[in-house]
Amino acid sequence: MENKMSSDSHILYGGPDIPFMHSDAKCLGEMIQRQFNANGSKICFVNADSGQTMTVGELYVRSIQLAKALRLDGVDAGDVIGLCSENRAEFPVVLFAALFVGATVAPLNTSYIEDELIHALSLSKPSIVFATSFTIGKIVQAASKSSFISKVICLDDKQPNRAVTKYSKYVNVTKSSNEKFACKPVDINSNIALILCSSGTTGLPKGVQLTQANLWGAVSQLHDTFNLLKDVLDGGITILSIIPWFHAYGLLTTIGMAICGAKLVTFPRFNEKIFLKSIEAYKVNVLMAVPPLMLILAKHPLVSKYDLSSLLVIFCGAAPLSKEIEDEVYKRIGVLAIRQGFGMSEMTLSVLSQDQEHCSSGSVGCLRPGMYGKVIDPDTGKILGPNEHGELCFKGSAVMKGYIGNQQATQQTIDDDGWLHTGDIGYFDDNHEWFIVDRIKELIKYKGFQVPPADVEKVLLTHPDIMDAGVVGVPNEAAGELPMAFVVKKRNAKLTEKDVIDYVAEKMSHAKRLHGGVKFIKEIPKNMSGKILRRELRKLVTDGKSKL
């Protein structure tokens, strides 16, 4: 892929968009129907934990059955469906059923605690929420405090109380129906297909609105990648897809590759043995990975006990991957290619990705088709040239519609000329390869999850013995960054590091806990306006490692 300069100096262009698959289809749902009809006999999902498989045809039948039930229930374009589920066969059924009726899907983080769920639900306001026995308890509690939710449906038919509808009962009304299902035409540029939660520096998640056009374009891009992989791998593609599907990376690659006809192997909860055994047992040749998985492949002693020779291509995203770990994986596993990329939920997966010509060590590749990119001085807005460090900004067909119900945040992220400001510092070189250096944003990236420091600080300041607190990310090879707290104790307080760690653990989901520990200091450094100077806190970290 050759990136070019646009007519504006130092603005790069990824070339024209890849044409939409089935571009004459009247909506995204109709496009998916056509693809499913073409691939009906292929196995598309395998649960490595249970051995359960599902063909494209079975997925289609189950999705249409649920789509009919949703339509009978009055669900239409513009309505929102919530989905809180681990990676399992029912997840794509709900996802595609909603897209068939033109509804919006709002995936929910399965590790959210009740307060986080209530806030996430208040963004998208789903009328129906699907959950599993793993998540149903907290969904019921959150739904009881969310008046817009009319139904909670349990996908594995558990019914802890009368407020929950069994999935089998919900879809049973359509089992005898032989009526052919047709998707209604919609405006793909305005119809919202997904609302994904993305955190900001305020500590409150924002709802990223992705249109059917955003999704259709991403799937068409992935279809192009799928065809290239088929040529390289000489046949069928079996992907290990274990990134959580409520996460943008996991969800969008799953949607795209399932539509394209790949076999996706997954399991509900991560386990090193099942991870490695799955590659061996199902002859996985493509892996969607994050750096912690790469660390396992590079260093875990279990790796030598399994035959991983089928694994040939690895895509790694969500956080930076060090050259050392990449080299170790190449040496130990013998893969053909490891490809990194850069993206955000706000840009419908990846906006930069490595290819055959743009895969220098440490780079995140080149611009995807349909996108413009530039680097600006974060203080002056001046457009910078090659090898000059500044804020990365992008514009084009992959950019979200905006944050739901938050025009101010949308305007702060997307300027009047349509440029999305990432808050990331980086540069492009003379070969038009892009490199990420640091982040303007203060988010901590823990195993691909975004942790807003302000969110953790708010909880710390509720402790009766804490006077002040500041939170930063501590570099860690396995996780990317670990949340670490600097705490100012109240006078005469007998507070220990364990006390603080336990206090946060009781009140926050796993990613937001203080995995990096606690340091007690006399004063939190702040500027004149009271903003915490996190760079000063990072200087106090004595592990000697540079920030990823």
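Residues numbered from 1 in each chain as written. Predicted model: local features only at pLDDT ≥ 70, side-chain atom pairs only at ≥ 80, totals over all residues. Heavy atoms only, no water.

A.B. asks: Describe in detail the pairing of strand 19 (residues 371-376), supporting the description with residues and values.
C.D. replies: Summarising burial for strand 19: five of the six residues are buried, a large majority. Summarising the sheet, strand 2 (residues 12-13) and strand 19 pair through two bridges and their orientation is antiparallel. Across the sheet, Leu-12 pairs through a bridge with Gly-373, a residue of strand 19. Two strands pair when backbone bridges link them, and strand 19 and strand 20 (residues 390-396) are joined in this way by six bridges, in the antiparallel orientation. Among the inter-strand pairings, Ile-376 is bridged to a residue of strand 20, identified as Glu-391. (Buried < 20%, exposed > 50% of the residue type's maximum accessible area, 1.4 Å probe, protein only. Helix = DSSP H or I, 4+ residues; strand = E, 2+ residues; numbered from the N terminus. Pairing = 2+ DSSP bridges.)

A.B. asks: Explain the packing of aromatic side chains to me, using residue names and the numbers behind them.
C.D. replies: Scanning the entire structure with this criterion turns up 16 aromatic pairs. Seen from their ring centres, Phe-246 and Phe-449 are 6.1 Å apart, and the 35° between their planes marks the pair as tilted. Here Phe-246, found in the loop between strand 12 (238-241) and helix 8 (248-260), pairs with Phe-449, found in strand 25 (residues 449-451); they are 203 residues apart in sequence, far enough to count as distant. For Phe-246, a relative accessible area of 13% puts it in the buried group. If you follow Lys-206 out to its NZ or CZ, it ends over the ring of Tyr-403, 5.0 Å from the centre. Sitting over the face of the ring of Phe-520, Lys-489 holds its NZ or CZ atom 4.7 Å from the ring centroid. (Phe/Tyr/Trp six-rings, centres within 6.5 Å; stacked < 30°, edge-to-face > 60°. Lys NZ or Arg CZ within 6 Å of the ring centre and 35° of its normal.)

A.B. asks: An account of the packing of helix 4 (residues 114-124) against helix 5 (residues 136-143) is requested, with residue identities and associated values reported.
C.D. replies: Direction vectors running N to C along helix 4 and helix 5 enclose 60°, while the axes themselves pass 9 Å from each other. Compared by their axis directions, helix 4 and helix 5 come out oblique. For helix 4 against helix 5, the interelement crossing comes out right-handed. Between helix 4, through Glu-114, Leu-117, Ile-118 and Leu-121, and helix 5, the contact on the second element is made entirely by Lys-138, Ile-139, Gln-141 and Ala-142. Within the contact of helix 4 with helix 5, the residues separate by chemical class into five nonpolar, one polar and two charged. (Axes fitted to C-alpha atoms, helices over the stretch in contact; angles between N-to-C directions. Parallel < 35°, antiparallel > 145°, perpendicular 65-115°, else oblique. Left-handed = near helix turned anticlockwise from the far one by under 90°. Contact = heavy atoms within 4.5 Å. Nonpolar A, V, L, I, M, F, W, Y, C, P; charged D, E, K, R; others polar.)

A.B. asks: Summarise the sheet that holds strand 16 (residues 337-344); cite the residues concerned and give the values.
C.D. replies: Taken in spatial order, the nine strands line up as 4-3-13-12-14-15-16-17-18 in an open sheet, and their pairing is mixed. Looking at the sheet topology across the chains shown, the edges are occupied by strand 4 (53-55) and strand 18 (366-367). In this sheet, strand 18 lies alongside strand 17 (residues 349-353) in antiparallel orientation, the contact comprising two bridges. The residue bridging Leu-352 from the neighbouring strand is Leu-367, located in strand 18. Helix 2 (residues 56-72) contacts strand 3 (43-47) and strand 4 of the sheet and is inclined by roughly 80° relative to strand 4.

A.B. asks: Tell me about the side chain of Thr-254, and please be specific about residues and values.
C.D. replies: Considering the arrangement of structural elements, one finds Thr-254 in helix 8. According to the relative accessible area criterion, Thr-254 is buried, its value standing at 5%. When near neighbours in sequence (up to four residues on either side) are disregarded, Thr-254 contacts Phe-45, Ser-241, Trp-245 and Leu-264.

A.B. asks: An account of the packing of helix 3 (residues 90-100) against helix 8 is needed here, citing residue identities and associated values.
C.D. replies: Contact geometry for helix 3 and helix 8: axes closest at 12 Å, N-to-C directions at 80°. Classed by the angle they form, the pair helix 3 and helix 8 counts as roughly perpendicular. Across the interface between the two elements, Phe-91, Leu-95 and Phe-96 from helix 3 touch Leu-251, Ile-255, Ala-258 and Ile-259 from helix 8. Across the contact of helix 3 with helix 8, the residue classes tally to seven nonpolar, no polar and no charged.

A.B. asks: Give me the state of the cysteines: which residues, what numbers.
C.D. replies: Using the criterion set out here, one finds zero disulfides in the structure. Take Cys-27: it sits in no disulfide, and the sulfur closest to it among the cysteines is that of Cys-183, at 4.6 Å. Here Cys-366 is not cross-linked by a disulfide; its sulfur's nearest cysteine counterpart is in Cys-359, at 9.8 Å. Given the relative accessible area of 1%, Cys-366 is considered buried. (Disulfide = S-S within 2.5 Å.)

A.B. asks: Which residues make up helix 14 (residues 497-507), and what values do they have?
C.D. replies: Inspection of helix 14 places Val-500, Tyr-503 and Val-504 among the buried residues, and these make up the whole buried set. The buried residues of helix 14 occupy one face: seen down the axis, they fall within an arc of 90°. Exposed residues lying more than 90 degrees from the buried face of helix 14 are Lys-498 and Glu-506. Check the buried side of helix 14 and you find it contacts helix 13 (453-460), strand 26 (466-476), strand 27 (480-489) and strand 28 (518-520). (Arc of directions from axis to C-beta.)

By themselves, these figures tell us nothing about what the structure is for.
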